[in-house]
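An overview of the molecular structure
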Amino acid sequence: MTTKNTIDLGEFQFLSGESIPSLEVAYETYGEFDGDNAVLICHALTGSSHVARRPDAGDETAGQARAWWGDVVGPGKAIDTSEYYVVCANAPGSCYGTTGPSSENPETGEPYGTDFPPVTVGDWTRAQRALLDELGVGRLRAVIGGSVGGMNVLDWLRRFPDDVDRAGAVATAGRLDPQCLALDTVARRAITADPNWNGGQYYDGPDPEEGLARARQIGHIMYLSKASMARKFGRRSAGRETVREEPPDPAAAFFPYREVESYLDYQAEKFTDRFDANSYLYMTRAMDDFDLSAGYESDADALAAFEGELLALSFTGDWHFTVEQSEALAEACREGGVDVAHHVVESDHGHDAFLVEPEKVGPPLSELLEEGISGRTITDTDTDSSPNETDSFAPVHTSLFSE
Ligand SMILES: CC(=O)SCCNC(=O)CCNC(=O)[C@H](O)C(C)(C)COP(=O)(O)OP(=O)(O)OC[C@H]1O[C@@H](n2cnc3c(N)ncnc32)[C@H](O)[C@@H]1OP(=O)(O)O
Ligand SMILES: N[C@@H](CCO)C(=O)O
């Protein structure tokens, strides 16, 4: 059975100390809860609760009508909803049904805009915990998420370590590196410099589309890799009849409008139709702010209370969240005594490999759920500390660094 719902969690105090009188959370559930089979999925930056295909799904999540992990989650899929009760909720601060800057402030009757409290990844986790309480779910069989959704997973492990058996942290890290922080800063500046942004109060006027378009284009560049861009676009000219109507100035007409520019323009146009500019500010700030070790002595200390198993999944072509960052996370787990496997996926797709290569992402996640990190197709970068070294049925552990 699948359900799409919105629940009012009542007054919600954010970790900043600020409160809103009512936090509504949009969520979807798939499968039947048997008391012990709940899997929470955490979405990425611009995702929604619509993680898997639903027979009744129309286009109610504008631009998100296509389930964002439909080839990974569903009946008979890697995260099998005929076996597991999957819950996915839209994060506070976003714009797909959960309360955020574009929602009405009940005290003024107007959209919150930038009066909405600052939101952190920890607030997402706390809202998810409150939602699960309402659904009658105590302990989770697993929590799984990619990108900033993976940070959400890590936050679960430090905030509610006793509530999770297994975790899948996909294409993520304990924190963003300064290069990505820099790009996010420029993206936000593009939004706030758009005159239509108007201090965040634009809901009764034109949207800051130009700013949001530039922000998304910077994002897309981060989600691809040199190899995938070379393959997709090369230096090819796109021809004038695609998205751009007129060259911006006469001299520009002399030069080609390239496939890569056309792609970015097309993606930007699609995105501005589906996402709210203020939400983009709030969501990227939450991602930038996340630091696994904040409030602890180290990443290892932050994770030390987690007694379950963690699968860290990284992609060789991802420079947004690198293999090295996942390895640092795995190292922190080993130091903190947490059972971990760091499974490296060979891919030149860039960061969005976790979305577009279900055939590579699915099997290790399926095994995580079924058998834990000793699943046969799960590899680990640490060949020295295999828990199954003396087991004649031991999985083959390969080392990224020894090949
Ligand atoms: C949880 C979440 O992740 S959020 C929801 C989904 N994720 C996102 O939106 C993230 C951003 N988007 C992406 O990263 C990608 O577009 C994905 C992951 C959704 C899909 O990736 P891919 O399957 O590789 O598709 P790709 O990025 O090539 O985009 C294909 C689209 O671009 C268009 N396109 C491709 N090349 C060009 C070009 N040179 N000029 C213009 N348009 C182009 C295609 O026609 C296609 O259009 P359509 O979406 O209307 O069918
Ligand atoms: N493509 C992802 C990027 C963050 O992983 C999104 O837009 O949510």
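Counting restarts for each chain, with residues numbered from 1 along the sequence as it is written. Going through the entries in the order they are written, you letter the chains from A and number the ligands from 1. A pLDDT threshold of at least 70 governs which residues receive local features in this predicted model, and a stricter bar of 80 or more applies before side-chain atom pairs are shown or counted, although totals over entire chains, interfaces and linings include all residues. Just so you know, side-chain values use all the structure's heavy atoms and leave hydrogens and water out.

On to the overall build of the protein chain, then. Broken down by element type, the protein chain carries 11 helices and 14 strands. For this measure, only C-alpha atoms enter the radius of gyration; the expected value for a globule follows 2.2 Å times N^0.38, where N is the number of residues. Its C-alpha radius of gyration of 21 Å places the protein chain within 12% of the 22 Å reference for a compact globule of 403 residues. Considered along the principal axes of its C-alpha atoms, the protein chain spans approximately 70 × 50 × 45 Å. In the protein chain, buried positions account for 56% of the 403 residues. Helix numbers and strand numbers start at the N terminus; a helix is a DSSP run of H or I with at least 4 residues, a strand a run of E with at least 2. Buried means the residue's accessible area, taken with a 1.4 Å probe over protein chains only, is under 20% of the maximum for its type, while exposed means over 50%, and partly exposed covers the values in between.

Moving on: the site of ligand 2. If even one non-hydrogen atom of a residue comes within 4 Å of a molecule or strand, that residue is called near it. Taken together, A44, L45, T46, S147, R216, Y223, H351, D352, F354 and L355 make up the full set of residues near ligand 2. Contacts described as polar in this section are N or O atom pairs within 3.5 Å, which, within protein, must combine one atom able to donate a hydrogen with one able to accept it, while residues neighboring in sequence count only if both atoms come from side chains. Here H351 contributes a side-chain N or O atom positioned 2.9 Å from an oxygen atom of ligand 2. D352 places a side-chain nitrogen or oxygen 3.0 Å from a nitrogen atom of ligand 2. Protein burial of ligand 2: of its 250 Å² of free accessible surface, 93% is covered by the chains. Site definitions follow a grid-based scheme: protein atoms alone, a 1 Å grid, a 1.4 Å probe that fits but cannot get out for cavities, and for pockets an open set with protein on both sides within 12 Å along at least five of seven lines, plus lining residues having an atom within 4 Å of a point. Each molecule is assigned to a cavity or pocket provided more than half of its atoms lie within 2 Å of the corresponding grid points. Among the cavities detected, the one that contains ligand 2 is the largest pocket. Breaking the shell around ligand 2 down by element, the ones donating at least two residues are α4 (209-223) and α10 (353-356). Here the Shrake-Rupley method, with its probe set to 1.4 Å, supplies the accessible areas, and only the displayed protein chains count as covering residues.

The next subject is the packing of aromatic side chains. Aromatic rings from Phe, Tyr and Trp, taking only the six-membered ring of Trp, are treated as a pair when their centres fall within 6.5 Å; an angle between ring planes under 30 degrees marks them as stacked, one over 60 as edge-to-face, and anything in between as tilted. Throughout the structure, instances matching the rule amount to 15 aromatic pairs. Their ring planes at 75 degrees and their centres at 5.6 Å tell us that F14 and F116 sit as a pair that is edge-to-face. Separated by 102 residues along the polypeptide, F14 in the loop between β2 (12-13) and β3 (19-20) and F116 in the loop between β10 (110-111) and α1 (121-135) bring together distant segments of the chain. Each of the two residues, F14 as well as F116, counts as buried. Each ring, one from W69 and one from F354, has its centre 6.4 Å from the other, and the planes form 80 degrees; the classification is edge-to-face.

Take the site of ligand 1 next. Surveying the vicinity of ligand 1 reveals 19 residues, the closest of which are S262, Y263, Y266, K270 and D352. Contact distances for ligand 1 include 2.5 Å between a nitrogen atom and a side-chain N or O atom of S262. At a separation of 3.0 Å, an oxygen atom of ligand 1 approaches a polar side-chain atom of Q267. Calculation on ligand 1 without its partners gives an accessible area of 990 Å², and the protein chains cover 68% of this total. Broken down by element, the residue count for the shell around ligand 1 peaks at seven residues, all from helix α6 (residues 259-274). Residue classes follow a fixed rule: Ala, Val, Leu, Ile, Met, Phe, Trp, Tyr, Cys and Pro count as nonpolar, while Asp, Glu, Lys and Arg count as charged, and any other residue, Gly among them, counts as polar. Across the shell around ligand 1, the residue classes tally to six nonpolar, six polar and seven charged. How far each domain reaches was decided by an automatic or database domain assignment. Counting contributing residues, the shell around ligand 1 receives three or more from each of domain 1 (2-175 + 290-371) and domain 2 (180-286).

Grid points are joined across faces, edges and corners, and a volume is the space filled by probe spheres set on the points. Its volume calculated, the largest pocket comes out at about 980 Å³. Lining the largest pocket are 34 residues; nearest its centre among them are R66, R216, R274, D352 and L355. Secondary-structure elements contributing two or more residues to the lining of the largest pocket are α4, α6 and α10. For the lining of the largest pocket, the element with the most residues is α6, which contributes six residues. Of the domains in this structure, domain 1 (2-175 + 290-371) and domain 2 (180-286) are the two that each give at least three residues to the lining of the largest pocket.

Let's shift gears to helix α7 (residues 277-289). Here the expected length of a helix is defined as 1.5 Å per residue gap, with one fewer gap than residues. Spanning 13 residues, α7 covers 18 Å between terminal C-alpha atoms, matching the ideal 18 Å at 1.5 Å per step. By the criterion of burial, α7 is predominantly enclosed, with 11 of the 13 residues buried. Of the residues making up α7, those classed as buried are A277, N278, S279, Y280, L281, Y282, M283, T284, A286, M287 and D288. In this description, contact between two residues means that some pair of their heavy atoms is separated by no more than 4.5 Å. Buried positions along α7 lie against α1, α2 (148-159), α3 (178-192), α4 and α6.

Attention shifts here to the sheet that holds strand β5 (residues 38-42). Taken in spatial order, the eight strands make up an open sheet running β1-β4-β8-β5-β11-β12-β13-β14, and their pairing is mixed. This sheet does not close on itself; its edge strands, each paired only once, are β1 (2-8) and β14 (339-345). Strand-to-strand twist of the sheet, defined as the mean angle between neighbouring strand axes without regard to direction, takes the value 20 degrees. Two strands form a pair only when DSSP identifies at least two bridges running between them. Here β5 runs beside strand β8 (residues 85-89); their pairing, made up of four bridges, is parallel. Simply put, an axis is a line fit to the C-alpha atoms, just over the touching stretch for a helix, and the angle between two N-to-C directions goes from 0 to 180 degrees.

Quick look at the domain arrangement of the protein chain now. Here the protein chain is partitioned into domain 1 (2-175 + 290-371) and domain 2 (180-286). Taking only C-alpha atoms into account, the centre of domain 1 sits 26 Å from that of domain 2. Between domain 1 and domain 2, the residue contacts involve 35 residues of the former and 27 residues of the latter. On the domain 1 side of the contact with domain 2, L45, T114 and W319 bury the most area, a combined 25% of that side's loss. In this structure, D348 engages R231 in a salt bridge whose closest nitrogen and oxygen atoms are separated by 2.8 Å. At the boundary of domain 1 with domain 2, the tally comes to 13 residue pairs in polar contact (both at pLDDT 80 or more). Broken down by class, the residue content of the side of domain 1 that touches domain 2 amounts to 17 nonpolar, 15 polar and three charged. Here the quantity called buried area is the total loss of accessible area, with a 1.4 Å probe, experienced by two parts when brought into contact, counted for both. Here, a salt bridge means any side-chain nitrogen of Lys or Arg that lies within 4 Å of a carboxyl oxygen of Asp or Glu.

With that settled, the discussion passes to the UniProt feature "binding site: substrate" (unreviewed entry) in the protein chain. UniProt positions are given in the numbering used here, feature names are shortened, and annotations may be inferred rather than shown by experiment. Within this numbering scheme, the UniProt entry marks R216 and D352 as carrying the feature "binding site: substrate" (unreviewed entry). In sequence the annotated residues extend across 137 residues, while in space they remain close, none of their C-alpha pairs exceeding 13.8 Å. Set against the largest pocket, the annotated residues named above that line it are R216 and D352. Mapped onto the elements of the fold, R216 is located in helix α4. Overall, the relative accessible area of 8% leaves R216 in the buried class. When sequence neighbours within four positions are dropped, the list of residues in contact with R216 reads T46, Y223, F271, R274 and Y280. Position of D352 relative to the elements: it lies in the loop between β14 and α10.

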